[in-house]
Each structure stands twice: as structure tokens, then as C-alpha cells.
Amino acid sequence: MEFKDGKELLELCEKNNKKIYEICIERECFKSNLNKDEVIKKMQVSFNIMKESVEAGLNNDKKSLGGLIGGEGKKILNRSKETKSVCGQLMSKAIASAMGVMEINATMGLVVAAPTAGSCGILPASLMTIKEEFDFSDEDIINALFTASAIGLIVTKNATVAGAEGGCQAETGTASAMSSAAIVELMGGSPKQALDAAAITFKNIMGLVCDPIAGLVEAPCQKRNAIGVSNALISAEMVLAGVNSIIPFDEVVEAMYKVGRGLPYELRETALGGVACTKTGCKITKSIFS
Ligand code: SF4
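Residues numbered from 1 in each chain as written. Predicted model: local features only at pLDDT ≥ 70, side-chain atom pairs only at ≥ 80, totals over all residues.

Enquirer: Got a minute to help me understand the site of the ligand in this structure?
Expert: Inspection of the region around the ligand gives 14 residues, with Gly 118, Gly 163, Cys 168, Cys 210 and Cys 221 positioned closest. The set of elements that each furnish at least two residues to the shell around the ligand consists of helix H9 (168-186) and helix H11 (221-240). In terms of residue count, H9 provides more of the shell around the ligand than any other element does, 3 residues in total. Of the residues in the shell around the ligand, the class split is 6 nonpolar, 4 polar and 4 charged. (Near = placed C-beta within 6 Å. Helix = DSSP H or I, 4+ residues; strand = E, 2+ residues; numbered from the N terminus. Nonpolar A, V, L, I, M, F, W, Y, C, P; charged D, E, K, R; others polar.)

Pasting the structure below:
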């Protein structure tokens, strides 16, 4: 049940008439020497941490260690409850949740790095929001996490999920692609549609640089998690309506990696370029480290 890219994954799904999550569970059993129940139990642990980090994030008032973020998720959620939300309730909740989880990460709380700490808000926020909206069970969401894991695995094998290597497109982009694929399969889409959603998600933010202010995973990272969750939801919506990706998923991953490798080192997590290097960015850096 091993697959190296999206093409092989789709072949496995078609040949065995299975969903992506089913292939992933079988692969995990084979790789870890655990049975299905044990593998699912392990994913349940990640699911619980994600759920708790979303709840904690939406109630957080604490400032981050660097002092750049804290309380934004709660602020957005409160506004959406009090007045008409510009983006609608579902999107507001998703954005607030993603930002909140980033606050938990930046205050040294427990999060699931899926695939990295800098992008840890996107997958939990996407899935918890969809769970609540459509009343999915814990079991459904755990299956969706296996779908998401397939995308993360393929990107890791063929490109990178590290901002230091491929820019923010690789880091938050992968988390968003994992999320959109998971949502599509959860909502009844086919494996091909799930990969199409992941491809569209990457295309939507291709070229995004990594430029954390003061080198801290706080800003602009937190807001990029908000954009990331929106990107996932928008991509899933397009695909579920029958919109396809013109470029196949594997080719998009290859292109993303090439773009990432082509970025100058100043724009790959060194905090020497982008917004980290603006007048205000430099001033903040100086005040934090003095
Ligand atoms: S800007 Fe860099 S550190 Fe921040 S989320 Fe993006 S990739 Fe991660």
C-alpha cells in the first residue's frame, strides 16, 4: 500500500475501490506493524490535541512570548457573534480558530504540527469548523486526518514542507492543501477531487515567501494561517461544485518546489527580507532582542 505521489495514490484508490483515508490507514498499519484500531487510536490523540488547541485558542487573551500576537482569534469570534460578519459565520469561525491555535503555539501550548508549528492552525481550524457546521462525528474527522496525511506525505516525499527550504507556500501551503483535500473527501468528493483541491490550494498561494518578524513564528505567520484556512475552504468549495484543477497535483507540487528553491535565502525564514526587513519589522526586532 505504498505510494510515492498523487498518481500512484489515485491508482491504488481506483484499483481497490477505496477512499484516500482507507489507503492511508492500511499503509500506516503496514508501516507501523499496528492493527487498524491501534492506528486509529494514535490519530485520536492528535485529534484531541487539535480540538483542545482550537478551544483554548478561541478563549485566549495571553500575549505570545515575543509579544506580537495574542487575543486575535477571540476578537474575531466575538465580532462575528455580535454583528454581521463580512465573511459569514463559517469563515469567521475558521479564521478565528486558525489564529487562535497559532496563539497557543506562540505561548508554548500544545499543538499538532501538521505539517509544521508555523502552520499548525490551518488543519484543526478547517476540520473543527466543518465538523461543527455539518455535525460530523469524531470518527469522520479522524478519517479526514488520514486523508490530510496523504497530502502531507506526498509533499514531504517530492518537495518540502519547510519555510526555510521552500518559503511559506511550502509550509502554510501544505497545511492548506492537506485541509482542502480532507474537506473534499469528508464532504463526499472522490480521491481525484481531493487531489484537485490540494492542487488548486497550492496554486492559490504559489510564491509566498517566508519572512517572520524577528525570526519568531508569530507575525505574519498567524495571519497567513487565517488566509490558509480560507484558501482550503475556497478550494474545497470550487472542487465540490465540479471545478477541476487544470494542472495535475503532482505537477503543481513539483512547480511549488522549484519556485521555493528559486527564492533567495533572504525570503526563506532568515528574517532578512520581506516584512521582517521593513522599517517597522527591524524596529520590532531590535526592541525584542535588546
Ligand atoms: S512566514 Fe515562515 S515561519 Fe511564518 S508561517 Fe510562513 S513559513 Fe512559517
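Enquirer: Can you walk me through the nonpolar core in this structure?
Expert: The biggest cluster of nonpolar side chains holds 87 residues, and the ones touching the most others in it are Ala 98, Ala 181 and Ala 198. Examining the composition of this core, we find that 10 residues originate from one element, H9, more than from any other. Ignoring anything within four residues of it in the chain, the contact list for Ala 98 reads Gly 121, Ile 122, Ala 125, Asn 225, Ala 226, Gly 228 and Val 229. (Core = buried A, V, L, I, M, F, W, Y, C linked by C-beta atoms within 7 Å. Buried ≥ 20, exposed ≤ 12 C-beta atoms within 10 Å, placed from the backbone. Contact = placed C-beta atoms within 7 Å.)

Enquirer: What's the story with unusual backbone geometry in this structure? I'm lost.
Expert: Note: most peptide bonds trans; most residues except glycine with negative phi. The peptide bond linking Ala 114 to Pro 115 adopts the cis configuration, its omega dihedral lying at 5 degrees. Position of Pro 115 relative to the elements: it lies in the loop between helix H5 (89-106) and helix H6 (122-134). The linkage connecting Ala 219 with the following residue, Pro 220, adopts the cis geometry, with an omega of 5 degrees. Residue placement: Pro 220 occurs in the loop between helix H10 (191-204) and H11. In this model, Met 108 sits at a positive phi of 65 degrees, which is unusual for a non-glycine residue. With respect to the helices and strands, Met 108 occurs in the loop between H5 and H6. Unusually for a residue other than glycine, Ala 271 sits at a positive phi of about 60 degrees. Along the polypeptide, Ala 271 turns up in the loop between helix H12 (249-262) and helix H13 (279-289).

Enquirer: So what exactly am I meant to see when it comes to H6 here?
Expert: Each turn of an α-helix holds 3.6 residues, which means side chains three or four residues apart point in the same direction. In this model, H6 (13 residues) spans 18 Å end to end at C-alpha, consistent with the 18 Å of a helix rising 1.5 Å per residue. Those residues of H6 that fall on the buried side of the exposure criterion are Ile 122, Leu 123, Pro 124, Ala 125, Ser 126, Leu 127, Met 128, Thr 129 and Ile 130. Among the structural elements, helix H3 (36-58), H5, helix H7 (138-158), H9 and H11 are those in contact with the buried residues of H6. After H6 finishes, the residue Asp 135 shows a positive phi value of roughly 60 degrees. (Expected span 1.5 Å × (residues − 1).)

Enquirer: Which parts of the structure should I look at to understand H10?
Expert: The terminal C-alpha atoms of H10 lie 20 Å apart, and with 14 residues this matches the ideal 20 Å at 1.5 Å per residue to within 8%. With respect to burial, H10 is a largely interior element, 12 of its 14 residues being buried. Turning to H10, its buried residues number three or more, namely Pro 191, Gln 193, Ala 194, Leu 195, Asp 196, Ala 197, Ala 198, Ala 199, Ile 200, Thr 201, Phe 202 and Asn 204. Each element contacted by the buried residues of H10 is listed here: helix H1 (6-16), helix H2 (20-32), H7, H9, H11 and H12.

Enquirer: Quick question: what am I supposed to make of the packing of helix H4 (residues 72-82) against H5 here?
Expert: A pair of packed helices is captured by two measures, namely the crossing angle of their axes and the spacing between those axes. Running from N to C, H4 and H5 cross one another at 160 degrees; their axes reach a closest spacing of 7 Å. It follows that H4 is roughly antiparallel to H5 by the angle criterion. In this structure, H4 crosses over H5, and the sense of that crossing is left-handed. Here Glu 72, Gly 73, Lys 74, Ile 76, Leu 77 and Ser 80 of H4 come into contact with H5, specifically with Gln 89, Ser 92, Lys 93, Ile 95, Ala 96, Ser 97, Met 99, Gly 100 and Glu 103. (Axes fitted to C-alpha atoms, helices over the stretch in contact; angles between N-to-C directions. Parallel < 35°, antiparallel > 145°, perpendicular 65-115°, else oblique. Left-handed = near helix turned anticlockwise from the far one by under 90°.)

Just distances and angles here, no functional claims.
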